[in-house]
Amino acid sequence: MKRIFIALLVLLSIYACKRGKNIPDVSNIKIDFNVQRFEQDFFQMDTLHMDKSLQQLSQKYPLFFGDFMTNIMGMELNGDSAMVIVKRFIAAYTPIYQLVEKQFADLSQYTNEIKQGFQFIHYYFPKYKLPKNLITFIGPMDAYFNGSTGSYGDVLTQAGPAVGLQLHLGKDQQIYKAGMESGAIYDYQAKRFIPEAIPVNV
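Think of each chain on its own: its residues are numbered from 1, step by step along the sequence as written. Local features are withheld for residues below a pLDDT of 70 in this predicted model, meaning they are given only at 70 or higher, and side-chain atom pairs are given and counted only at 80 or more; totals for whole chains, interfaces and linings count all residues. To obtain the side-chain values, all non-hydrogen atoms of the structure were used and water was disregarded.

Enquirer: Can you tell me about the nonpolar core, naming the residues and giving the values?
Expert: To define a nonpolar core, start from buried Ala, Val, Leu, Ile, Met, Phe, Trp, Tyr and Cys residues and group those joined through side-chain atoms within 4.5 Å. Using a 1.4 Å probe on the protein chains alone, a residue whose accessible area is under 20% of its type maximum counts as buried, one over 50% counts as exposed, and one in between counts as partly exposed. Counting 54 residues, the largest nonpolar core has Phe38, Phe42, Phe64, Phe68 and Val86 as its most contacted members. Labels follow the DSSP assignment, with helices taken as runs of H or I lasting at least four residues and strands as runs of E lasting at least two, numbered in each case from the N terminus. When residues of this core are traced back to their parent elements, those giving at least two are helix H2 (38-43), helix H3 (50-60), helix H4 (64-72), helix H5 (80-103), helix H6 (108-124), strand S2 (133-137) and strand S4 (160-164). Sort the elements by how many residues they give to this core and H5 lands first, with 9 residues.

Here is the structure:
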């Protein structure tokens, strides 16, 4: 735990001191880093054959699927009720998925920053085992509220860090304003619902 804390401090100090002169060149450090767009596979499932679709999704994301269903969505992995909940979620959140697809068609700006952060961690802590995957997903809008699921919808899972893109669409996004009007989201929270927070949260 102490090593993780130190690594995070190093990473944050690097971002804070980007203009400094004594930053090491880490561009040649090779790390195994893959971005997996879980939300794309999730929202493209065949809802007429939900049982088979969920099975295929669990095979493609063997570690993340369980975390998503139980810890993020808050449901049991098996049973007809899970299929009903997933169908309802897809129907309700398709407009948010479309917003995410439009805004995050290209994630390279943010994933390159994350990769560089991992390179710095490897530079300072070469024996530290870095995660190999970064997973993106769309979860419930109130995911940030539950401390056990992470900060602002971003979570650390068995498969690696996972980013809830539904909470990075920009602080002026209409869906957040509606949440603020209803009292479900506070203004100080919405200020962090920005794409630029993705590398910092990860």
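Moving on from the coordinates now.
Enquirer: Which residues make up H4, and what values do they have?
Expert: Every α-helical turn comprises 3.6 residues, leaving residues that sit three or four positions apart pointing alike. Most of H4 sits out of view: 7 of its 9 residues are buried. Looking one or two residues beyond H4, the residue adopting positive phi is Gly74, at roughly 70°.

Enquirer: Give a description of the sheet that holds strand S1 (residues 34-37) that names residues and reports values.
Expert: The pairing criterion is simple: DSSP has to find at least two bridges between the two strands. Spatially, S1-S2-S4-S3 is the arrangement adopted by the 4 strands of the open sheet, whose pairing is mixed. Two strands lie at the open edges of the sheet, namely S1 and strand S3 (155-157), each paired on one side alone. Averaged over all pairs of adjacent strands, the angle between their axes in this sheet comes to 25°, without regard to strand direction. For S2 and S4, the ladder comprises 3 bridges, and the chain directions are parallel. Opposite Phe137, over in S4, you have Gly164 as the bridge partner. The contact definition used throughout considers only heavy atoms, calling two residues in contact when any of these lie within 4.5 Å. A fitted line through C-alpha atoms serves as each axis, taken over the contacting stretch for helices, and the angle formed by two N-to-C directions is quoted from 0 to 180°. In the packing of H4 onto the sheet, the strands contacted are S2, S3 and S4, and the crossing angle to S2 comes to about 45°.

Enquirer: Please provide a residue-by-residue account of the packing of aromatic side chains, values included.
Expert: Only Phe, Tyr and Trp rings take part, Trp by its six-membered ring, and two of them pair if their centres are within 6.5 Å. Stacked means planes under 30 degrees apart, edge-to-face means over 60, and tilted covers everything else. In the structure shown here, the tally under the stated rule is 17 aromatic pairs. Residues Phe42 and Phe68 carry aromatic rings whose centres are separated by 5.2 Å and whose planes lie at 65° to one another, so their mutual orientation is edge-to-face. One end of the pair, Phe42, is in helix H2; the other, Phe68, is in helix H4, and 26 residues separate them in sequence. For the pair shown, Phe42 and Phe68 are each scored as buried. Ring-pair connections join several aromatic residues into one group, and the members of that group are Phe38, Phe42, Phe43, Tyr61, Phe64, Phe68, Phe89, Tyr93, Tyr97 and Phe137.

Enquirer: I'd like a description of the side chain of Asp154, backed by residues and values.
Expert: With respect to the helices and strands, the residue Asp154 is situated in the loop between S2 and S3. Under the convention used here, Asp and Glu are negative, Lys and Arg are positive, and both His and the chain ends fall outside the count. One side-chain nitrogen of Lys or Arg within 4 Å of one carboxyl oxygen of Asp or Glu is enough to make a salt bridge. Although Asp154 is buried, it makes no salt bridge; Arg192 carries the closest opposite charge, 7.0 Å away. Each polar contact in these results corresponds to two N or O atoms within 3.5 Å; when the atoms are within protein, one needs to be able to donate a hydrogen and the other to accept it, and residues that are neighboring in sequence are counted only if both atoms are side-chain atoms. Within polar-contact distance, the side chain of Asp154 engages the backbone nitrogen of Gly164 at 3.1 Å. At a separation of 2.7 Å, a polar atom in the side chain of Asp154 contacts the side chain of Asn201.

Enquirer: Before we move on, could you go through the environment of Tyr110 and cite the residues and values that matter?
Expert: Along the chain, Tyr110 turns up in helix H6. Residue classification places Tyr110 among the buried residues on the basis of a relative accessible area of 10%. Between the C-alpha atom of Tyr110 and that of Val200, which follows or precedes it by 90 residues, the distance is 9.6 Å. Setting aside chain neighbours within four positions, we find Tyr110 in contact with Phe104, Pro195, Glu196, Ile198 and Pro199.

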